[in-house]
Amino acid sequence: GQNIDQPTEMTATEGAIVQINCTYQTSGFNGLFWYQQHAGEAPTFLSYNVLDGLEEKGRFSSFLSRSKGYSYLLLKELQMKDSASYLCAVSSTGGFKTIFGAGTRLFVKA
Amino acid sequence: GAVVSQHPSWVICKSGTSVKIECRSLDFQATTMFWYRQFPKQSLMLMATSNEGSKATYEQGVEKDKFLINHASLTLSTLTVTSAHPEDSSFYICSAPDRAYEQYFGPGTRLTVT
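Okay, so let's go over this structure. (Residues numbered from 1 in each chain as written. Chains lettered and ligands numbered in written order. Predicted model: local features only at pLDDT ≥ 70, side-chain atom pairs only at ≥ 80, totals over all residues. Heavy atoms only, no water.)

**Some thoughts on the sheet that holds strand β1 (residues 3-5) of chain A**
All names here are of chain A. Selection rule: Two strands qualify as a pair provided DSSP detects at least 2 bridges between them. The helix count covers DSSP runs of H or I at least four residues long, the strand count covers runs of E at least two residues long, and both are numbered beginning at the N terminus. Axis definition: a line fitted to C-alpha atoms, limited for helices to the stretch in contact. Angles are taken between N-to-C directions and run from 0 to 180 degrees.
If you trace the 5 strands from one edge of the open sheet to the other, you get β1-β3-β8-β7-β6, paired in antiparallel fashion. The sheet is open, and its two borders are formed by β1 and β6 (53-57), each paired with just one other strand. On average, adjacent strands in this sheet sit at an angle of 15 degrees to one another, irrespective of strand direction. The sheet contact formed by β6 and strand β7 (residues 60-65) spans 5 bridges and is antiparallel. Among the inter-strand pairings, Glu 56 is bridged to a residue of β7, identified as Ser 61.

**Some details on the state of the cysteines**
What is meant by a disulfide is a covalent connection between two cysteines, made through their sulfur atoms. Residue and element names in this part refer to chain B. What counts, and what does not: Defined by distance alone, a disulfide is two cysteine sulfur atoms within 2.5 Å. Summary of the burial criterion: residues with accessible area below 20% of their type's maximum are buried, those above 50% are exposed, and those between are partly exposed, where the area comes from a 1.4 Å probe applied to protein chains only.
Scanning the model with the defined rule gives 2 disulfides over all chains in all. Note on cysteine connectivity: Cys 23 is disulfide-linked to Cys 94, with sulfurs 2.0 Å apart. On the S-S bond that ties Cys 23 to Cys 94, the torsion sits near 80 degrees, and the link is right-handed. With Cys 23 in strand β3 (residues 19-25) and Cys 94 in strand β9 (residues 90-97), the pair connects residues that are 71 residues apart, well separated along the chain. On the basis of relative accessibility, which here comes to 0%, the residue Cys 23 falls in the buried class. What makes Cys 94 buried here is its relative accessible area of 0%. Free of any disulfide, Cys 13 has its nearest cysteine sulfur in Cys 94, 18 Å distant. For Cys 13, a relative accessible area of 9% translates into the label buried.

**Focus: the nonpolar core**
A general trend in soluble globular proteins is that nonpolar side chains are found buried together. Rules: We define the nonpolar core as a collection of buried residues of types Ala, Val, Leu, Ile, Met, Phe, Trp, Tyr and Cys that are connected through side-chain atoms lying within 4.5 Å of one another. Here, two residues are considered to be in contact whenever any of their heavy atoms come within 4.5 Å of each other.
Core analysis: the largest hydrophobic core is formed by 34 residues, its most contacted members being Leu32(A), Trp34(A), Leu75(A), Tyr86(A), Phe100(A), Leu106(A) and Phe105(B). Considering each element in turn, this core owes the most residues, 6 residues, to strand β9 (residues 84-91) of chain A. Not counting residues up to four positions away in its chain, the partners in contact with Phe100(A) are Ile4(A), Tyr35(A), Leu87(A), Cys88(A), Ala89(A), Tyr36(B), Ser43(B), Leu44(B) and Phe105(B).

**Re the sheet that holds strand β7 (residues 67-73) of chain B**
Residue and element names in this part refer to chain B. The strand order across the open sheet formed by 4 strands is β1-β3-β8-β7, and the pairing between neighbours is antiparallel. Looking along the sheet, the strands with just one partner apiece sit at the ends: β1 (4-7) and β7. In this sheet, neighbouring strand axes are inclined to one another by 15 degrees on average, regardless of whether the strands run parallel or antiparallel. Bridge count between β7 and strand β8 (residues 76-81): 5 bridges; the pairing is antiparallel. Note on β8: the bridge partner recorded for Phe 67 is Val 81.

**Focus on the packing of aromatic side chains**
Condition: Any two rings among Phe, Tyr and Trp, with Trp reduced to its six-membered ring, count as a pair given centres within 6.5 Å; such a pair is stacked if its planes are under 30 degrees apart, edge-to-face if over 60, and tilted if neither. Here, a charge over a ring means that NZ of Lys or CZ of Arg falls within 6 Å of the ring centre while also lying within 35 degrees of the ring normal.
Within this structure, the stated rule accounts for 14 aromatic pairs over all chains. A network of ring pairs unites the aromatic residues Phe33(A), Tyr35(A), Phe45(A), Tyr48(A), Phe100(A), Tyr36(B) and Phe105(B) as a single cluster. In this structure, Lys66(B) is placed above the aromatic ring of Phe67(B), and the distance from its NZ or CZ to the ring centre is 5.9 Å.

**Some words on the pattern of salt bridges**
Let me state the cut-off plainly: Within this document, salt bridges are pairs made up of a side-chain nitrogen of Lys or Arg and a carboxyl oxygen of Asp or Glu, the two lying within 4 Å of each other.
By the definition in use, this model includes 7 salt bridges over all chains. For the salt bridge of Lys97(A) with Glu59(B), the shortest nitrogen-to-oxygen distance reads 2.9 Å. With Lys97(A) in the loop between β9 and β10 (98-100) and Glu59(B) in the loop between β6 (57-58) and β7, the pair connects residues from two separate chains. Residue classification places Lys97(A) among the partly exposed positions, given a relative accessible area of 26%. Note that Asp88(B) and Lys66(B) form a salt bridge whose closest N and O atoms lie 2.9 Å from each other. A residue pair is termed long-range when its members are at least 10 positions apart, and Asp88(B) in the loop between β8 and β9 and Lys66(B) in the loop between β6 and β7 qualify at 22 residues. A residue is classified by how much of its surface remains accessible, and Lys66(B), at 12% relative accessible area, is buried.

Laid out in structure tokens, this is it:
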């Protein structure tokens, strides 16, 4: 089976840096995704990690350690519009099936 | 990037009626599509995997006779909620992977059953 854990809520200040952690257990691993979701909208893709290490894309970076079953999403220079839910999702081997964590609601305050 | 559409974007129906939701991949072919359900302030729960030309695979706890899935072509999957009840009111989202394993999500369909 699969199990994905991430914090329920986080609060950070505009302009700051925030790290959202995700731990997972899966019987077959084919990559880890981070998605951003604003209320009432579909998720939008942020990052995909399949190998260990850090992937940087603008203000967003994502890290993966397969041996530890651990990932984090790093958001720099926080903006008010970054207030959203951030979903960690794991894709299993053989079929693209992706299971989502419960999501972390990030509140960015002025 | 690839585009996935859903129709309708929202629907209100009476209890006991059936509702069909369409999911289309607009610029790529998808032999597999996924259907998710999301309740307020909760994450996406995978309901089923839609397979083109064969039966859908349902997740544990999802009633296949209530949530009928048809994947008739490489660009279209439909989800029919049969005999809908108020507890079926939710946000239904489909997704389709491309060859690079990235999931493209549809905009979602908000179903309200009165």
